[in-house]
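Remarks on the overall topology
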Amino acid sequence: TILPRADQKASKNSGGKLPPGPRPLPIIGNLHQLTSLPHRGLQSLAKKYGPIMSLRLGQVPAVVVSSPEAAELFLKTYDTVFASRPRVQASEYMSYGSKGMAFSEYGPYWRNVRKLCILQLLSASKIESFAAMRRSEVGELVKSLRRSAAAREVVDVSRKVGELIADMACVMILGVDLEDKYHLKELVHVGLCLTGNFNLADYVPFLAPLDLQGYTRRMKKVGKDLDKVLEKIIMEHEQRAREQQGRYDHKDFVDVLLSLMNQPMNPQDQHIYIIDRTNIKAIVLDMVVAAFDTSAAAIQWTLSELLKSPRVMKNLQEELERVIGMDRLVEEKDLEKLDYLDMVVKESFRLHPVAPLLVPRESIEDVTIEGHFIVKKSRIIVNTWTIGRDPNVWSENVEEFYPERFIDNNVVDLRGHDFRLLPFGSGRRGCPGISLGLVNTRFVLAQLVHCFSWELPSGVETKDLDMTEMFGLSMGRANHLLAKPTYRLLD
Ligand code: HEM
């Protein structure tokens, strides 16, 4: 661990030497160097300028972090300095002015929202209480895939997995599967893509009114549509509570939040935040957005890699056969015994971190790290995708899908303690949904691989399987994964 040195806090206007970086152009700075896949554009720049690199994104100073050692400095040693988030148009228009969790600035409001969400939705006991729901939803998917297998059909795996994860999230957060009725999934997907984009208006404020990329207009529209859906959901909950007064025992997350309306978020805290309707909508929306696309993308990437690597697929199926046997489905309690599955998931996160640049952070004060001066309100981008593909970190076979590199399972953990592998970020702003994300990812994958053998549609060779990425705050496959299942369990 690298400890901060006493002299490293720089005084406000002391300036100092910025980290090395490419020369910025007038007005746009280095925005043009990000390319359409910014994690890759930034990787090439980091090769030249090093693991702590400075950029100018329009008017905004930015620092890009691209090695495990540097990530540890920013996310652990100086965690509090970098624990805020920038104010961006996306959260302004699509997250009620950052009243949710993911984009709110570091401080007591964020801390209270985070505590509330963990307690009421993301704690180990809450997640466990939904195990039966996951079992039944995944069981339904298996049934539907069995029908496709019997008919020798090609299945749109991306769509099926996306729907399953969204349905499960809806049950946990909204109580019932409201998704279909409201097209929430499409709206959330568009919103996430817009949030991931580098929006000129955030970086060159005087150009904002021109909306040159058309993002502002689209964000306002998506924000309005989302608000309509959330209003309807809340009204349905209010009506149900009125009708069932007192006799109502099944409380979902929205019910819990509504029962706290007009009360302090955390009565013990000296900062009193009274929960109102807007807070509730913003918090619910954050949870829905964070839950919908993330685990689904992770499952799709892993299945794609397994389809490309029959050796790994075979090893995984052998493990499932050995631990579970061919006469029953996987249960969540089996997951802890599936060591190879654990390695497969880690390897998939290494090559395809769902949030390749994490969620952007913003520095709270001036600071000097390793001789580099970083000015207050700098945008901090941790390029975890680059770290995952660095041969100096992982050895020469870095492009290969090789789960055995994690054979000593306890050496590299996924939970933000090992800075080589940071799919869930780390520190105070690390992902609070990690346990839910992991149980979803592991359980669905295990079930799909245990119950079915998978082949690519005829005419597609494994080496030709398209792996193009679609950049966004959560990065999924650009094109849907299509494959043909064959049922493999004994009846
Ligand atoms: C495979 C699934 C998931 C992955 C890979 C993932 C990844 C991440 C990452 C990389 C961050 C940013 C961390 C940082 O800045 O250090 C994050 C933040 C966050 N995640 Fe997740 N996530 C997943 C699932 C979930 C789920 C299921 C939820 C909740 C329902 C969730 C809720 C959040 C929230 C609220 C934040 C913002 C935290 C804050 O700013 O304090 N995530 N996630």
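Residues numbered from 1 in each chain as written. Predicted model: local features only at pLDDT ≥ 70, side-chain atom pairs only at ≥ 80, totals over all residues.

1. What to know about the sheet that holds strand 11 (residues 482-487)
Strands sit in the order 3-11-8 across an open sheet of 3 strands; the sheet is antiparallel. What marks the edges here is a single partner per strand, and that holds for strand 3 (155-156) and strand 8 (452-455). Of the pairings in the sheet, the one linking strand 3 to strand 11 comprises 2 bridges and is antiparallel in character. Note that in strand 11 the partner of V155 across the bridge is A483. (Pairing = 2+ DSSP bridges. Helix = DSSP H or I, 4+ residues; strand = E, 2+ residues; numbered from the N terminus.)

2. Focus: the sheet that holds strand 4 (residues 361-362)
The mixed open sheet is built from 4 strands, whose spatial order is 1-2-7-4. If you trace the sheet from one side to the other, it starts and ends with strand 1 (52-57) and strand 4, each paired once. Examined bridge by bridge, strand 2 (residues 60-65) and strand 7 (residues 379-382) share 4 bridges and lie parallel to one another. By the bridge assignment for strand 7, V63 is matched with I380. Lying over the sheet, helix 2 (residues 68-77) contacts strand 1, strand 2 and strand 7, oriented at roughly 135° with respect to strand 7. (Contact = placed C-beta atoms within 7 Å. Axes fitted to C-alpha atoms, helices over the stretch in contact; angles between N-to-C directions.)

3. Side note on the UniProt feature "binding site: heme" (unreviewed entry) in the chain
In this structure's numbering, the residues bearing the UniProt feature "binding site: heme" (unreviewed entry) are C431. Here C431 shows up in the loop between helix 18 (391-394) and helix 19 (434-451). For C431, a count of 24 C-beta atoms within 10 Å puts it in the buried group. If we ignore the near neighbours within four places in the chain, the residues touching C431 are F424, G425 and G437. (UniProt positions renumbered as here; feature names shortened; annotations may be inferred. Buried ≥ 20, exposed ≤ 12 C-beta atoms within 10 Å, placed from the backbone.)

4. Overview of the site of the ligand
The environment of the ligand is formed by 27 residues, the closest being A290, G425, C431, G433 and G437. When residues of the shell around the ligand are traced back to their parent elements, those giving at least two are helix 4 (108-122), helix 13 (277-292), helix 14 (294-308) and helix 19. A per-element tally of the shell around the ligand places helix 13 first, with 4 residues. Each residue belonging to the shell around the ligand can be placed in one class, and the counts come to 16 nonpolar, 8 polar and 3 charged. (Near = placed C-beta within 6 Å. Nonpolar A, V, L, I, M, F, W, Y, C, P; charged D, E, K, R; others polar.)

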